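# A look at the structure
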Amino acid sequence: MNLRNLFDSPEWHPFYIDLQRQTLSFAQLSREAYVESLFLGTEFAWGHGDDLYEVRLDDVFLAAATAPSVIKPIHYVLHTAFCCSTLLARYFELLPECFVMKEPQLLAELGMPNTRCASQWPEFFALTIRLLSRTYHTHQHPVIKANVPTNILGRQLLAQNSKATVIFLINPLRDFLLAALKSRRRRGQIRYWNHYTAMQVSDRIPELATVEPDDLSDAQAIAYWWLVNRFICQDLLESEYRSRVLVVDGTELAEAPKNTLRPIMAHCGLSLDESELNRLVNHSLVHKHAKDFSMFYDAESRRQEMMELESRFAKEADRAILWMVSRGFDPTSKLLAQPAAHV
């Protein structure tokens, strides 16, 4: 591993930072590995047969200081989970002008409480963005489909780079409830995120005042997580960076990709003509299940699945929505963007 060339390409991907030992661990990934990955975490590196190489942070900072710094547009996909974010990432992967990273663990770690309180957090953050901005070709745009703990860093991501954009994927409440109630694993993931991520901002949300998420039912905990992310999204729409934030309904992306992809790509400064748009929506890659490439999955498959989930979990979803209403939340309220400002 040659640190002098570290910032020339994404060949060496940063996976894990050890604050106590002041080290950063990298693994060597091919372009194919980036496409194959669903989550760029240490488990992927190990499963892919790649060894992790530990490097002293001071040495990485030194390499960063001596490498040319180029500010290029970075496009972040923030999301609630279970809302077609992998589908959107695949659309971006089909564009040669984009280089996509899906859920880099290192960026997610920076949104966790134990890392955010570190005295060197601003330096870690700037270094991480620098490393995740590398592409194979100078003309490429880095696209980062973030892991959900990253959502609370939305303002910092936009402040750090004046050319950065955020696409925030969030499904309608009922759709999200049904998708998250689907399995015990998903329910557990939501509880984990509530404990480590949501509680960092929940005290700013009137409807969640005095609520202890660990005491909630599964469906209520899912509604809690959705409401926290809705607040984070609205906060970005009210910020000075609002002109660089686009909110997208994941259900609409799945149901009407042509109509949805146009504004998404325009938001990122990417133009699509009709033939290229047709190529994207008809490509075999986007008709595969998010977690199982061997399984065909399209808008009709999704509709059938949602109907099945409705039959199984309608009562749980109803109770969660009633609970939110009892807390003072109006399920019919819309996310509102402030007048656009150029930042």
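In the block above lies the structure referred to throughout.
Definitions and limits used
Residues numbered from 1 in each chain as written. Predicted model: local features only at pLDDT ≥ 70, side-chain atom pairs only at ≥ 80, totals over all residues. Heavy atoms only, no water. Helix = DSSP H or I, 4+ residues; strand = E, 2+ residues; numbered from the N terminus. Polar contact = N/O pair within 3.5 Å; in protein donor to acceptor, adjacent residues only side chain to side chain. Salt bridge = Lys/Arg side-chain N within 4 Å of Asp/Glu carboxyl O. Buried < 20%, exposed > 50% of the residue type's maximum accessible area, 1.4 Å probe, protein only.

### Looking at the side chain of Ser9
- Inspection of the secondary structure assignment puts Ser9 in the segment before strand S1 (12–18).
- Within the structure, Ser9 has its side chain in polar contact with the backbone nitrogen of Glu11 (distance 3.2 Å).

### Focus: the pattern of salt bridges
- The tally for this structure, following the rule as stated, stands at 19 salt bridges.
- As a salt-bridge pair, Glu274 and Arg262 come within 2.4 Å of each other at their nearest N and O atoms. Here the residue Glu274 occupies a position in helix H14 (residues 274–282), and Arg262 occupies one in helix H13 (residues 257–267), the gap between them amounting to 12 residues.
- In this structure Glu274 comes out as partly exposed when scored by relative accessible area, which is 39%.
- The salt bridge partner of Arg312 is Glu308, with a shortest N-O separation of 3.9 Å. Placement of both Arg312 and Glu308 in helix H15 (residues 299–326) is noted, with a separation of four residues, approximately one turn of the helix.
- Through salt bridges with shared partners, a single network forms among Arg155, Arg204, Asp235 and Glu240.

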